[in-house]
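Examination of the molecular architecture
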Amino acid sequence: MSKVWTLGVLGLGEGRSIISAALQSEKWVLGNICDLNEELCKQRCTEFDFHRYTLKFEDLLTDPSIDVIGIYTPDQLHAKHIKQALEAGKHVICTKPLMVSLDQANELLEAQRKAGKSVFVGQSSRYFEPLMMQRKDFDEGLHGELLTVDTHYISDSRWFLKKGWSHQLGFSWLYNFMIHAVDLAVWYMPNIEEVYGVGVVSSNTKEYRLSAPDTLKFILKSKEGKCVNVSGVYAAPTLGTAVQQQISCTLTGTKGISRAGYPKLTYYTNFEPVAKTAKLHTYEEKHGYYFRFEGESHHAGEYQNYIEDFADRLNAGHTPKPDLQEGIRTLAVMEAMEQSMRTGQVVKVADVLNRRSIHV
Ligand SMILES: NC(=O)c1ccc[n+]([C@@H]2O[C@H](COP(=O)([O-])OP(=O)(O)OC[C@H]3O[C@@H](n4cnc5c(N)ncnc54)[C@H](O)[C@@H]3O)[C@@H](O)[C@H]2O)c1
């Protein structure tokens, strides 16, 4: 019989989505929830009619009934919290970005090797309906040979700069936001060898006394000589989601093309025999499943999909993906992107990994 997994949740802002997912799953039990902010703990307990919370991470770590810790703390704390969870013998689900640099990559690889537990990176976009359908079509070979991938994540996210930790060392639009687009790109083109890019710090970001590039464009070249475009704009007006998806992934192959994105539940395909206009697939009936709270700011359905997948894979003796190694390879591509923006040079991903003696 399949094991039912017990979850402890750390960080109850975005952690709200995984709480909702665990409570609606037959494969999961919610064991406990934790935040430093007691008011928020109480708010979540009321919202979900749940009757346990703690202000101390230690309580989750030492609770023998908890199998898996879900980490939803500020980006800069992920590496520390993942390590603590592994050392306590827990499996880990960690939201994106896995970390804000590769500084602790080897430490985490070692902690994971010792613990023998899984680390799953919650790259939620992979688990949105249209993007899952696109992956299915790709895996079935409908695109033919993949020629190029175009991804973007565009949002006017100046509101985000009101969060205290967006002003602390380690925050960047690249790691916090653009990682969704980078992850989708390398999901399809995993062998990225070289990176070139340009990033602009707009006056809109400077107004918040921040010097993180918010307007970013990159070309990534794969080992096979294929090209990927990744772009993002985070501190300027947008056309709105009716005109342009916030997140978008276009796959062009020898036999067909597809475009999926977020938050619109739409997916366009043009596969052989190709037509003049792409076919539109809509999944509007799933809106309530994906967006359970106010507006479209949270997307709990993606978390539902990833925790179900996590449990199925562990129960089948497989590794939940994307795992720590894959997450670190993606971060190596991002460090190369960062370096290219800074130096104006083409940067090799292998050089990033070699310089840090990371073997993944
Ligand atoms: N699509 C996605 O996958 C997605 C979307 C939004 C946010 N996120 C990620 O989720 C994480 C949290 O984002 P957020 O918007 O909820 O931020 P937030 O600041 O609203 O919430 C973070 C929470 O963590 C708590 N916290 C901080 N340190 C703690 C500690 N040591 N122990 C216990 N609690 C602690 C804070 O009190 C706060 O309530 C970030 O890493 C963010 O990048 C992912």
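Residues numbered from 1 in each chain as written. Predicted model: local features only at pLDDT ≥ 70, side-chain atom pairs only at ≥ 80, totals over all residues. Heavy atoms only, no water.

**Side note on the domain arrangement of the protein**
Filter applied, for reference: Bear in mind that the domain bounds are from an automatic or database domain assignment. By definition in these notes, contact holds between two residues if any of their heavy atoms fall within 4.5 Å. For any pair of parts, buried area is found by adding up, for both, the accessible area (1.4 Å probe) each one loses once the two are put together. Note on definitions: salt bridges are taken to be side-chain nitrogens of Lys or Arg within 4 Å of carboxyl oxygens of Asp or Glu.
The assigned domain composition of the protein is domain 1 (5-123) and domain 2 (126-284 + 329-343). Taking only C-alpha atoms, the centre of domain 1 and the centre of domain 2 are 26 Å apart. Tallying the contact residues gives 12 residues for domain 1 and 15 residues for domain 2. When domain 1 packs against domain 2, the two sides together hide about 1300 Å² of surface, and 60% of this comes from carbon and sulfur. Interface area lost by domain 1 to domain 2 is led by Gln 76, Leu 102 and Gln 123, which between them contribute 47%. Our count for the domain 1 to domain 2 interface comes out at zero salt bridges.

**Looking at the pairing of strand S8 (residues 215-222)**
Where we set the bar: Relative accessibility under 20% of the residue-type maximum defines a buried residue, over 50% an exposed one, and the middle range a partly exposed one, all with a 1.4 Å probe and only protein chains included. Counting from the N terminus, the helices are the DSSP runs of H or I reaching at least four residues and the strands are the DSSP runs of E reaching at least two. Being paired, for any two strands, means DSSP has found at least two bridges between them.
Side chains Leu 216, Phe 218, Leu 220 and Ser 222 project from S8 onto a buried face, and the interleaved Thr 215, Lys 217, Ile 219 and Lys 221 project onto a face without burial. Note that strand S7 (residues 192-200) and S8 share eight bridges and pair antiparallel. By the bridge assignment, Gly 197 is partnered in S8 with Phe 218. Relative to strand S9 (residues 227-233), S8 is paired through seven bridges, and the arrangement is antiparallel. Within the sheet, the bridge partner assigned to Lys 217 lies in S9 and is Ser 231.

**Topic: empty space enclosed by the protein**
Put simply, the rule is: Here a cavity denotes grid points, spaced 1 Å and computed from the protein atoms alone, that fit a 1.4 Å probe unable to get out, and a pocket denotes an open set having protein on both sides within 12 Å along at least 5 of 7 lines; residues with an atom within 4 Å of a point are the lining. Grid points are joined across faces, edges and corners, and a volume is the space filled by probe spheres set on the points. Polar here means any residue other than Ala, Val, Leu, Ile, Met, Phe, Trp, Tyr, Cys and Pro, which are nonpolar, and Asp, Glu, Lys and Arg, which are charged; Gly is therefore polar.
Under the counting rule described, the total for this entry stands at one cavity of 30 Å³ or more. As a volume, the largest cavity reaches approximately 50 Å³. Lining the largest cavity, in full, are Leu 98, Val 121, Gln 123, Ile 179, Asp 183, Pro 322, Gly 327, Thr 330 and Leu 331. Within the residue set of the lining of the largest cavity, elements represented by two or more residues are helix H7 (173-188) and helix H11 (324-343). Among the elements that make up the lining of the largest cavity, the one with the highest residue count is H11 (three residues). Here the lining of the largest cavity is composed, by residue class, of five nonpolar, three polar and one charged. The residue makeup of the lining of the largest cavity includes at least three contributed by each of domain 1 (5-123) and domain 2 (126-284 + 329-343).

**So, helix H10 (residues 300-315)**
What counts is decided by this rule: In a helix, the anticipated span is given by 1.5 Å times the number of residues less one.
When the terminal C-alpha atoms of H10 are compared, their 22 Å separation across 16 residues agrees well with the 22 Å that a helix rising 1.5 Å per residue should span. For H10, the tally of buried residues reaches 12 of 16 residues, placing the bulk of the element in the interior. Once H10 finishes, Gly 317 follows within two positions and takes phi at roughly 80 degrees, a positive value.

**Regarding the site of the ligand**
Definition in use: Near is defined per residue: the residue qualifies when any heavy atom it owns lies within 4 Å of the molecule or strand. What qualifies as a polar contact is a pair of N or O atoms within 3.5 Å, subject to a donor-acceptor requirement within protein and to the restriction that residues adjacent in sequence count only when both atoms come from side chains. Note on areas: these come from Shrake-Rupley sampling with a 1.4 Å probe, and a residue is covered only by the protein chains present in the view. Should more than half of a molecule's atoms lie within 2 Å of a pocket's or cavity's grid points, that molecule is taken to sit in it.
By nearness alone, 25 residues border the ligand, and Glu 14, Asp 35, Asp 75, His 78 and Trp 165 come closest of all. The contact in question runs from an oxygen atom of the ligand to an N or O atom on the side chain of Asp 35, over 2.6 Å. Within the contact set of the ligand, a nitrogen atom lies 3.0 Å away from a side-chain nitrogen or oxygen of Ser 124. Relative to its unbound accessible surface of 850 Å², the ligand loses 83% to contact with the protein. Taking a 2 Å distance to the grid points as the criterion, the majority of the atoms of the ligand fall inside the largest pocket. Elements with a minimum of two residues in the shell around the ligand: helix H4 (78-87) and H7. Looking at the shell around the ligand residue by residue, the classes come out as nine nonpolar, 11 polar and five charged. Taken together, domain 1 (5-123) and domain 2 (126-284 + 329-343) each give at least three residues to the shell around the ligand, which thus spans both.

**Observations regarding the pairing of strand S11 (residues 256-262)**
Along S11, five of the seven residues are buried, which leaves the element largely enclosed by surrounding structure. Across six bridges, strand S10 (residues 247-253) lies against S11 in antiparallel orientation. In the sheet register, Ile 247 faces S11, and the bridge partner there is Tyr 262. Counting the residues in the hairpin turn of S11 and strand S12 (residues 266-271) gives three residues.

**Structural notes on the layout of surface pockets**
Roughly 1100 Å³ of volume is contained in the largest pocket. Counting only elements with at least two residues in the lining of the largest pocket, the list comes to H4, H7 and H10. Per element, the largest residue contribution to the lining of the largest pocket is three residues, and it comes from H7. Of the domains in this structure, domain 1 (5-123) and domain 2 (126-284 + 329-343) are the two that each give at least three residues to the lining of the largest pocket. Volume-wise, the second largest pocket comes out at about 370 Å³. Around the second largest pocket, the lining comprises 18 residues; the ones closest to its centre are Phe 171, Ser 172, Tyr 175, Glu 338 and Arg 342.

**As for the environment of Cys 227**
With respect to the secondary-structure elements, Cys 227 resides in strand S9. Beyond its immediate stretch of four places on either side in the chain, Cys 227 contacts Leu 147, Thr 148, Val 149, Met 189, Ile 219 and Leu 220.

**Regarding the sheet that holds strand S6 (residues 146-154)**
Backbone-to-backbone hydrogen bonds join strands into a sheet, with any given pair of strands oriented parallel or antiparallel. Pairing within the open sheet is mixed, and its nine strands lie in the order S13-S12-S11-S10-S6-S9-S8-S7-S14. Lying at the two open borders of the sheet, with one neighbouring strand each, are strand S13 (279-282) and strand S14 (347-348). Pairing of S6 with S10 involves seven bridges; the strand directions are antiparallel. Counted as the bridge partner of Val 149 is Leu 251 from S10.

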